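Topology and contacts: notes
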Amino acid sequence: MPCLLLHCIRAKKPQIPGKERKKMESRVGAVLLMVLIFPTLIGAMVRHYKFSVVMRNTTRLCATKPIVTVNGRFPGPKLYAREDDTVIVRVINHVTYNVTIHWHGVKQLRTGWSDGPAYISQCPIQPGQNYIYNFTLSGQRGTLLWHAHIFWLRATLHGAIVILPKRAVPYPFPNPYKEVVLILGEWWKADVEAVINQATQSGLPPNISDAHTINGLPGPTSTCSSQGYTLNVESGKTYMLRIINAAVNDELFFKIAGHQLTIVEVDAIYTKPFKTDTLSIAPGQTTNALLTADQDSGNFLIVISPFMDAPIPVDNITGTAILRYTGSLSASLTVLTTAPPQNATQLTSTFMDSLKSLNSKDYPATVPLEIDHSLLFTIGVGINPCSTCVNGSRLVSYINNITFVMPTTSILQAHYYNISGVFTDDFPGNPPIPFNYTGTQPTNMQTMNGTRAYRLAYNSTVQVVIQGTAMISPESHPTHLHGYDFYAVGKGIGNFDPVNDPKKFNLIDPIARNTIGVPSGGWTAIRFRADNPGCVDVALSLGSTHKLGAEDGISGGGWERSKSVPYTPSL
């Protein structure tokens, strides 16, 4: 997991003549007076939340276990705000685990201390301690998520972030009758921390989950008549579903029997609307879909199921819920649907290809056309020696053959205070030793360990081609960049061709995201402008092997080293 360091260029202070300065001061005074008299004209608010991290006994799949929650709720509380609001969240840790909370997809402009990855942007919140997260949702509107960012606590410690448009600013699509948050997840009967600790100690992949959930409920299974979630609708009304994949590992399909979905947003970015009956969503991604209740009555099955097109074990239990029309009885027959095949690669690819930015006057697609840094990141799974592991080795993830080593000092703290010895800035922008990435693999599968950064000049333009490899096994790799939305300009199967593949890039209306899937045995190209000074993580989820390498799967962070943004220690 490389860290991208961005150097901030301080603008020269303009010299204003005295007469003009007095006029400006007069205007500023008038504006301040208007703000005091008519505060609602400004619109932005400061919203306060209190997150108490506590244990709660929870029953799923006919078995009860204690889980880590926020305010005793699973999924956790929804965080509501509007574009440009400031959000202040006090997190109080009442459990025996160290805790951090990451605000997945929030850009954290000049508020990197609030990003959340443990030992990356902050030290963990220790038991009995608390921490204040303070950030502004600058220029963002849509659906995001928050989740724990240490160990596997995020399996139950997660929730929705709903960012409404500014007041009086409409959606760029018909206003829905009602909005509903649907959080997709995974459930283990065992303690998830025990699951990942066992995997870390053995060097083997962690046990797969026992069920998939919709808003925390798996629905009935072959071994337990578990409760499922019910989505109540009125005939003729249109609903906006804010769908979030908070699963630890699994890419998922989402489908409602007898109904079409109109996709209007992903990762808090508006899209050109398109219809589909099946939605594809990776861990950390969000999708807003319009659902028109166009049936007269009845019950309709909602299913979520895994996508995996590689020979890797995955939880193949289909999670279910019910869409119920007003006046329909729960005992009435339910209209069924079948989940897509687990390896429905073409379905996932078609869905991704259908995603386009609006590229309108109000929501332009400012894709970088000239590139200052062209990087190639190979990602996959290697094998490193491990004297305490079962087979004397451990599966690890890597980027450009480097497996991230978690420091004991927060990287942001080291960056801010110029503490040496915590990380180096020699991360390679290309694979140290090129090879046939999706073909015959090298016999030596060992990686190098390190905590490394790659430096970028402030406001430079960046292209990163994320190249999957066939090391151990090719598989899909959801990859997340914190601090930015990026444009997904291209993807393909096989090895990236730097001469011919860029000719097929979409530089007109590519979708912007913060999390992207890299196809099995293929590549994805992204572009962004490095205009968020500080340091940003690039990290990836590796399906069943994820967490055995460097970090925590869907992770990351961006921060600003400006002395006007002080360090905020855990209290």
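Okay, so let's go over this structure. Here the structure is a predicted model, which means the values were calculated and not measured.

Reading the values: the criteria
Residues numbered from 1 in each chain as written. Predicted model: local features only at pLDDT ≥ 70, side-chain atom pairs only at ≥ 80, totals over all residues. Heavy atoms only, no water. Core = buried A, V, L, I, M, F, W, Y, C linked by side-chain atoms within 4.5 Å. Buried < 20%, exposed > 50% of the residue type's maximum accessible area, 1.4 Å probe, protein only. Contact = heavy atoms within 4.5 Å. Helix = DSSP H or I, 4+ residues; strand = E, 2+ residues; numbered from the N terminus. Polar contact = N/O pair within 3.5 Å; in protein donor to acceptor, adjacent residues only side chain to side chain. Pairing = 2+ DSSP bridges. Axes fitted to C-alpha atoms, helices over the stretch in contact; angles between N-to-C directions. Phe/Tyr/Trp six-rings, centres within 6.5 Å; stacked < 30°, edge-to-face > 60°. Disulfide = S-S within 2.5 Å.

Digging into the nonpolar core
Core analysis: the largest hydrophobic core is formed by 68 residues, its most contacted members being Leu231, Leu241, Ile243, Phe254 and Leu323. Apart from residues no more than four positions distant in its own chain, leucine 323 is found in contact with Leu231, Val233, Ile256, His259, Leu291, Gly298, Asn299, Phe300 and Ile302. Counting 32 residues, the second-largest nonpolar core is a separate cluster that includes Leu79, Val91, Val106 and Phe135.

Here's the deal with unusual backbone geometry
With an omega of -10°, the peptide bond between phenylalanine 74 and proline 75 qualifies as cis. Mapped onto the secondary structure, proline 75 falls in the loop between β3 (63-70) and β4 (79-82). Not every positive phi belongs to a glycine, and asparagine 215 is a case in point at roughly 50°. Inspection of the secondary structure puts asparagine 215 in the loop between β11 (211-214) and β12 (229-233). Judged by relative accessible area, which is 17%, asparagine 215 ranks as buried. Phi angles above zero are rare outside glycine, and asparagine 459 is one such case at about 70°. Take asparagine 459: it is sitting in the loop between β26 (453-457) and β27 (461-468). When its relative accessible area of 37% is taken as the criterion, asparagine 459 is described as partly exposed.

Structural notes on helix α2 (residues 192-202)
Looking only at α2, the buried set comprises Val192, Glu193, Val195, Ile196, Ala199 and Ser202. The opening residue of α2 is aspartate 191, an N-cap whose side-chain oxygen sits 3.0 Å from the backbone nitrogen of glutamate 193.

Observations regarding the sheet that holds β3
In space, the four strands of this open sheet follow the order β3-β2-β5-β7, with mixed pairing throughout. Each of the sheet's edge strands pairs with one partner strand only, and the pair in question is β3 and β7 (130-136). The average angle at which neighbouring strand axes cross in this sheet is 20°, direction not considered.

A closer look at the packing of aromatic side chains
A complete count under the given rule lists 22 aromatic pairs for this structure. Taking the centre distance of 5.3 Å and the plane angle of 45° together, the rings of tryptophan 103 and phenylalanine 135 count as tilted. Of the two residues, tryptophan 103 is situated in strand β6 (residues 101-104) and phenylalanine 135 in strand β7; the sequence distance between them amounts to 32 residues. Classification of tryptophan 103 by relative accessible area gives buried; the value is 0%. Between tyrosine 270 and tyrosine 363 the ring centres are 5.0 Å apart and the planes differ by 85°, which places this aromatic pair in the edge-to-face class.

Some thoughts on the state of the cysteines
The bond known as a disulfide is covalent and runs between the sulfur atoms of two cysteines. Summed over all chains, the structure comprises two disulfides. One disulfide bridge connects cysteine 62 with cysteine 224, the sulfur atoms lying 1.9 Å from each other. Handedness of the cysteine 62-cysteine 224 disulfide follows from its S-S torsion of about 85°: it is right-handed. With cysteine 62 in the loop between β2 (46-60) and β3 and cysteine 224 in the loop between β11 and β12, the pair connects residues that are 162 residues apart, well separated along the chain. We classify cysteine 62 as exposed; its relative accessible area is 56%. Here cysteine 386 engages in a disulfide with cysteine 389; their sulfurs sit 2.0 Å apart. Handedness of the cysteine 386-cysteine 389 disulfide follows from its S-S torsion of about 70°: it is right-handed. Judged by relative accessible area, cysteine 386 falls into the buried class, the value being 7%. Note on cysteine 389: relative accessible area 7%, which makes it buried.

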